[in-house]
Amino acid sequence: AVVSTQSTGEARRRRKQEYFQSTPPDQIKITQRDLEAYVQFYEKKISGIVADMDSNIAVEKRKRDKLEGKLKKLLDANDLLSKELAGIRKDLKKCHILTETPV
């Protein structure tokens, strides 16, 4: 029973394909049911694409947020190290002044 249903469906699909290929576009007649099936098919397809894009956007936003967090930490660390280096230079200057023998 399954085989006959598949072959009937396949035959119907082939007839439709032949009809659309052999009939001039301005003479093609399409049923409301076919039109609804066509619209539903593409609606599902487009919905899937939109869902994938939304998912990709969310992933990319998370990556960006993570990178921004890392960048902020690096900038903060750089700022702290710069301040520390400035303090060390200041201390070295003091040491140099203290150890310098007056002429």
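Residues numbered from 1 in each chain as written. Predicted model: local features only at pLDDT ≥ 70, side-chain atom pairs only at ≥ 80, totals over all residues. Heavy atoms only, no water.

A.B. asks: With reference to specific residues and values, describe a nonpolar patch on the surface.
C.D. replies: Together, Tyr19, Phe20, Ile30, Leu35, Tyr38, Val39, Phe41, Tyr42, Ile46 and Val50 give the surface a local cluster of nonpolar side chains, amounting to about 920 Å² of exposed area. Only helix H1 (2-22) and helix H2 (32-99) provide two or more residues apiece to the nonpolar patch. Within the secondary structure layout, Ile30 lies in the loop between H1 and H2. The exposure class assigned to Ile30 is partly exposed, which follows from its relative accessible area of 45%. (Patch = residues over 30% accessible without salt bridge, like charges linked within 9 Å, V, L, I, M, F, W, Y side chains within 5 Å. Areas by Shrake-Rupley, 256 points an atom, 1.4 Å probe, with all protein chains shown as cover. Salt bridge = Lys/Arg side-chain N within 4 Å of Asp/Glu carboxyl O. Helix = DSSP H or I, 4+ residues; strand = E, 2+ residues; numbered from the N terminus. Buried < 20%, exposed > 50% of the residue type's maximum accessible area, 1.4 Å probe, protein only.)

A.B. asks: Requested: an account of the pattern of salt bridges, with residues and values cited.
C.D. replies: Pairs may arise between side chains of opposite charge once their charged atoms sit close together. Tallying each qualifying case throughout the model produces 8 salt bridges. Salt-bridge contacts for Glu60 lead to Lys63; the nearest nitrogen and oxygen are separated by 3.4 Å. Residue Glu60 and its partner Lys63 are both found in helix H2; the two are separated by 3 residues, about one turn of the helix. In this structure Glu60 comes out as partly exposed when scored by relative accessible area, which is 45%. Accessibility expressed as a relative area gives 47% for Lys63, which makes it partly exposed. Connected through salt bridges with shared partners, the residues Glu10, Arg13 and Arg14 form a single ionic network.

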